[in-house]
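Descriptive analysis of the structure
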Amino acid sequence: MIKGGLIRKSTKILSFILCVVTLFVFIFGIKPTTAAAMPFYDLRPQDLVERSKFSTQYKTSTAERKHNVYLAAKSLDNVLVDVGAEFSFNATVGERTEQRGYKNAKIIVDGEFVDGVGGGVCQVSTTMYNALLLAGLEITEFHPHSLAVSYVPPSFDAMVNSGWADLRFINNTHNPIIINSIADGQTLTIKIIGEPLNEEYRTKSVVTGEIPAPKEEEIDDEKGEYPELYEGEKMFVKYSKAGITSDGYLLTVKDGKTSKIRKIRSDKYKPIRGLVINGKAKPKEENIEELQPEQDEIILIEDIYRKLHDNLWEKFLNYKKYFDKYNFL
């Protein structure tokens, strides 16, 4: 682990060497042809502090996705970015392949959630993107998802892909930047360590519109994958969801007051089309013979009926004699 004290000591040594070289140049009249000849020409050693910190939650993720988040976060931890250097997420984390230990989990491809190796890594790049914004660093490349994600507000996501989509930033400060990354299975936290900030940065997401949700796609269960879903019945596998348009703003705060508001991006997130399964299963035909009572049961029922009838008829005749005797009728 790289400690802040070690960085301060190193920068002071480099500053001393720079002073010696400058004195040598002044005495002997030698002038460097370019600033690149002196890589620490603009170095201004300061104590390194926590410039920013940003966290996202992933405790409800699958075990495979949690594993991928941990692997990517581990690759970022304690990475040092020199003054003026450009950082690349893909170059630092490396390809997301099974050979490198990444597992299958849900990823977003062209507006659809599908299984893919490395699912979850985009949460790491998104968390880092927000930490970079709060640290006031110069982000040179980022890419939005095609769908809105749940772990950050709209217009503050940063999708990465091993092939073409990267997250990059330049260390535009006068001292090294150190990245700290911790993933504990529930919370992912990324800290940016560097020279102190002169102001505070905050982010603001504004939803500017809604894209209507499409009607759910209906599929007949011709393959019989839902044997308990009978004809005329429907089952919603996935509900449709509206898309949105949004803007992202970066606010500069100094002495407790907002001194600057800058719109940094505008995004459009696709709606999600739901899925409905139409049942095709037919109820089982019941055996009519099984529903017929046994002969003994029929005889027993008839016997009960006859006895009940005879008993009631006998009572009626007795009552009639009584009524006739006393002229009640």
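In the block above lies the structure referred to throughout.
This one's a predicted model, so the numbers in the text were calculated from it and none came from an experiment.

1. Considering the overall build of the chain
Scanning the chain from terminus to terminus reveals six helices and 15 strands. Classification of the 329 residues of the chain by burial places 33% in the buried group. Residue pairs at least 24 apart in sequence account for 75% of intrachain contacts in the chain once pairs closer than 6 positions are excluded. Element-wise, carbon and sulfur atoms account for 54% of the exposed surface of the chain, whose accessible area totals about 21100 Å².

2. Remarks on the pattern of salt bridges
Per the stated rule, a full pass over the model turns up nine salt bridges. Of the charged contacts, one joins Glu200 and Arg202 as a salt bridge, the two residues approaching to 3.1 Å between their closest N and O atoms. Across the pair Glu218 and Lys234 runs a salt bridge whose closest N-O atoms are separated by 3.0 Å. Placement of Glu218 in strand β11 (residues 217–220) and of Lys234 in strand β12 (residues 234–238) is noted, with a sequence separation of 16 residues between them. Several salt bridges share partner residues, and in doing so they unite Glu86, Glu141, Asp166 and Arg168 into one network.

3. Structural notes on the packing of aromatic side chains
Within the structure shown, the criterion is met by three aromatic pairs. With 5.2 Å between their ring centres and 35° between their planes, Phe87 and Phe169 make a pair best called tilted. You can see Phe87 sitting in strand β3 (residues 86–88) and its partner Phe169 sitting in strand β7 (residues 168–170), a full 82 residues away along the chain. The same class applies to Phe87 and to Phe169, which are both buried. With 5.2 Å between their ring centres and 40° between their planes, Tyr129 and Phe142 make a pair best called tilted. Of the two residues, Tyr129 is situated in helix α4 (residues 121–134) and Phe142 in the loop between β6 (138–141) and β7; the sequence distance between them amounts to 13 residues.

4. Digging into the packing of helix α2 (residues 63–76) against α4
When two helices pack together, their arrangement is captured by the angle between the axes and the distance separating the axes. Packing of α2 against α4 brings their axes to within 8 Å, and their N-to-C directions diverge by 45°. Between α2 and α4, the angle falls in the class oblique. Judged by the sense of rotation from one axis to the other, the crossing of α2 with α4 is right-handed. For the pair α2 and α4, contact is made by Arg65, Asn68, Val69, Ala72, Ala73 and Leu76 and by Val121, Gln123, Val124 and Met128, respectively. A per-class count over the contact of α2 with α4 returns seven nonpolar, two polar and one charged.

5. Focus on the sheet that holds β6
The strand order across the open sheet formed by three strands is β3-β7-β6, and the pairing between neighbours is antiparallel. Sheet topology places β3 and β6 at the edges, where each strand pairs with a single neighbour. Across the sheet, the mean angle separating the axes of adjacent strands is 30° when strand polarity is ignored. One ladder, built from three bridges, connects β3 with β7; its direction is antiparallel.

6. Topic: the sheet that holds strand β8 (residues 177–183)
Overall, antiparallel pairing links the four strands, which are arranged β1-β9-β8-β2 in an open sheet. The sheet terminates laterally at β1 (49–57) and β2 (79–81), the two strands that pair on one side only. In this sheet, neighbouring strand axes are inclined to one another by 20° on average, regardless of whether the strands run parallel or antiparallel. Sheet topology places β2 next to β8; three bridges connect them, and they run antiparallel. Bridging across to β8, Leu80 finds its partner in Ile178. Against the sheet, α2 engages β2, β8 and β9 (187–194), with an angle of about 155° to β8. Docked against the sheet, α4 engages β1, β8 and β9, running at close to 145° with respect to β1.

7. Topic: α4
In a regular helix each residue adds 1.5 Å, so 14 residues correspond to 20 Å; α4 covers 20 Å between its end C-alpha atoms and thus fits that length. The buried fraction of α4 amounts to 14 of the 14 residues, a majority that puts the element mostly inside the structure. Looking at the residues trailing α4, positive phi occurs at Gly136, about 70°.

What counts, and at which threshold
- Residues numbered from 1 in each chain as written.
- Predicted model: local features only at pLDDT ≥ 70, side-chain atom pairs only at ≥ 80, totals over all residues.
- Heavy atoms only, no water.
- Helix = DSSP H or I, 4+ residues; strand = E, 2+ residues; numbered from the N terminus.
- Buried < 20%, exposed > 50% of the residue type's maximum accessible area, 1.4 Å probe, protein only.
- Contact = heavy atoms within 4.5 Å.
- Areas by Shrake-Rupley, 256 points an atom, 1.4 Å probe, with all protein chains shown as cover.
- Salt bridge = Lys/Arg side-chain N within 4 Å of Asp/Glu carboxyl O.
- Phe/Tyr/Trp six-rings, centres within 6.5 Å; stacked < 30°, edge-to-face > 60°.
- Axes fitted to C-alpha atoms, helices over the stretch in contact; angles between N-to-C directions.
- Parallel < 35°, antiparallel > 145°, perpendicular 65-115°, else oblique.
- Left-handed = near helix turned anticlockwise from the far one by under 90°.
- Nonpolar A, V, L, I, M, F, W, Y, C, P; charged D, E, K, R; others polar.
- Pairing = 2+ DSSP bridges.
- Expected span 1.5 Å × (residues − 1).

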